[in-house]
Amino acid sequence: PPPTTIHPHPSPPPTSPHPKSSTQCAAAAAVQFAHLAGKLKTTPRTGWVLRNVPHPESVADHSWRVAVLCLLLCHNTNDNTNDNVTDHDHIDNSTNNNTQQTNKVPPLDIAKCMEMAIVHDLAESIVGDIAPSDNVEKDVKRRLEEEAMATIAHVLGVATSTTTTECGTNGGGGGEQ
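All values derive from a computational prediction rather than experimental measurement.

> Can you walk me through the overall build of the protein chain in this structure?
Along the backbone of the protein chain there are seven helices and two strands. The order of α-helices and β-strands along the protein chain, N terminus first, is α-α-α-β-β-α-α-α-α. Counting all 177 residues of the protein chain, 27% fall into the buried class. The contacts in the protein chain between residues at least 6 apart in sequence include a share of 64% that link residues at least 24 apart. About 11700 Å² of surface is accessible on the protein chain, with carbon and sulfur atoms providing 57% of the total.

Structure below.
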């Protein structure tokens, strides 16, 4: 099979000669973000494709499964936070007491874990699922993914902004970036 194609950064929509309100700009950026995120539904996991797996999992399928596993892990871990965890390596020598120290396991932040699971491959909506077999140097892959995430963060920032007075001002939904 051919190597995975690295998708170029999407070109911004054409600039409108008329200024848009912050609401219009945010709505256009939200649609742009939803379009980018939606690309993950049709981006197959490269490893599956290279191994000729029928009906390969998409990147969105993978992210959903990771989110479900995080939810399960967080609930199981947080259900056990009331149990003391014993540190068997600690012996209190200051009192010649051979007592074991007990520590509480801090609860996991479920919202943070879920957010990370959902967005961890979001850059692939722009660069594609780059696999080791694509022979892309690690530093190049990192740079491509960081640039993609910066683009996505910018779009998302405009989509959630209440202060943007014109789409061209902050680059959302059209205009200069």
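> Explain helix α1 (residues 22-38) here, please?
Residue pairs spaced three or four apart in an α-helix point in one direction, given the helix's 3.6 residues per turn. Relative to the 24 Å expected for 17 residues at 1.5 Å per residue, α1 spans 24 Å between its end C-alpha atoms, a close match to the ideal helical length. What α1 keeps buried is the set C25, A26, A29, Q32 and L36. Seen from one end, α1 has its buried residues packed into an arc of 125 degrees, which puts them on one side. Projecting away from the buried face of α1 at angles above 90 degrees are the exposed residues T23, V31 and H35.

> How should I be thinking about the pattern of salt bridges in this particular structure?
Side-chain pairs of opposite charge can arise whenever the charged atoms involved come near each other. Considering all chains together, one arrives at five salt bridges under this definition. When the shortest N-O distance is used, the salt bridge between R45 and E57 registers 3.0 Å. Taken together, the residues R45 in the loop between α1 and α2 (46-50) and E57 in the loop between α2 and α3 (59-79) connect sequence positions twelve residues apart. Of the residues examined, R45 reaches a relative accessible area of 21% and is grouped as partly exposed. By relative accessible area, which is 7% here, E57 ends up buried. For R65, the salt bridge identified is with E57, shortest N-O distance 3.4 Å. Connected via shared salt-bridge partners are R45, E57, R65 and D129.

> Quick question: what am I supposed to make of the packing of α1 against helix α6 (residues 138-160) here?
When two helices pack together, their arrangement is captured by the angle between the axes and the distance separating the axes. Where α1 contacts α6, the two axes come as close as 7 Å, and the packing angle between them is 140 degrees. For the element pair α1 / α6, the angle class is oblique. For α1 against α6, the interelement crossing comes out left-handed. The residues of α6 that touch α1, namely those facing C25, A26, A29, A30, Q32, F33 and L36, are I152, V155, L156, V158 and A159. By residue class, the composition of the contact of α1 with α6 is eleven nonpolar, one polar and no charged.

> Explain the side chain of D121 to me, please; I cannot follow it from the model alone.
Relative to the elements of secondary structure, D121 occurs in the loop between α4 (110-119) and α5 (124-127). Here D121 is buried and forms no salt bridge, its nearest opposite-charge partner R45 lying at an N-O distance of 5.3 Å. One polar contact links D121 to H120, side chain to side chain, over a distance of 3.1 Å. When sequence neighbours within four positions are dropped, the list of residues in contact with D121 reads L40, V59, H62 and S63.

Calculation criteria
- Counting restarts for each chain, with residues numbered from 1 along the sequence as it is written.
- Local features are withheld for residues below a pLDDT of 70 in this predicted model, meaning they are given only at 70 or higher, and side-chain atom pairs are given and counted only at 80 or more; totals for whole chains, interfaces and linings count all residues.
- Working from all heavy atoms in the structure, the side-chain values ignore hydrogens and water.
- The secondary structure listing takes helices from DSSP runs of H or I that are at least 4 residues long and strands from runs of E that are at least 2 residues long, numbered from the N terminus.
- Throughout this description, buried means an accessible area under 20% of the type-specific maximum (1.4 Å probe, protein chains only), exposed means over 50%, and partly exposed covers the range between.
- The contact definition used throughout considers only heavy atoms, calling two residues in contact when any of these lie within 4.5 Å.
- Here the accessible surface of atoms and residues is derived via Shrake-Rupley with a 1.4 Å probe, and residues count as covered only by protein chains that are part of the display.
- The length a helix should cover is 1.5 Å for every residue beyond the first.
- In this description, the arc belongs to the directions extending from the helix axis to the C-beta atoms.
- What makes a salt bridge here is a side-chain nitrogen of Lys or Arg within 4 Å of a carboxyl oxygen of Asp or Glu, nothing more.
- Here, axes are lines fitted to C-alpha atoms. For helices the fit covers the stretch in contact, and angles between N-to-C directions go from 0 to 180 degrees.
- By definition in this entry, angles of less than 35 degrees are roughly parallel, angles greater than 145 are roughly antiparallel, angles of 65 to 115 are roughly perpendicular, and the rest are oblique.
- If you view the pair so one helix is near and one far, a crossing is left-handed when the near helix is turned anticlockwise from the far one by less than a right angle, and right-handed when it is turned clockwise.
- Under this grouping Gly is polar, as are all residues other than the nonpolar Ala, Val, Leu, Ile, Met, Phe, Trp, Tyr, Cys and Pro and the charged Asp, Glu, Lys and Arg.
- Residues scored as positive are Lys and Arg, those scored as negative are Asp and Glu, and His as well as the terminal groups of each chain are ignored.
- Two N or O atoms form a polar contact when they lie within 3.5 Å of each other; inside protein one atom must be a possible hydrogen donor and the other a possible acceptor, and for residues adjacent in sequence the pair counts only when both atoms belong to side chains.

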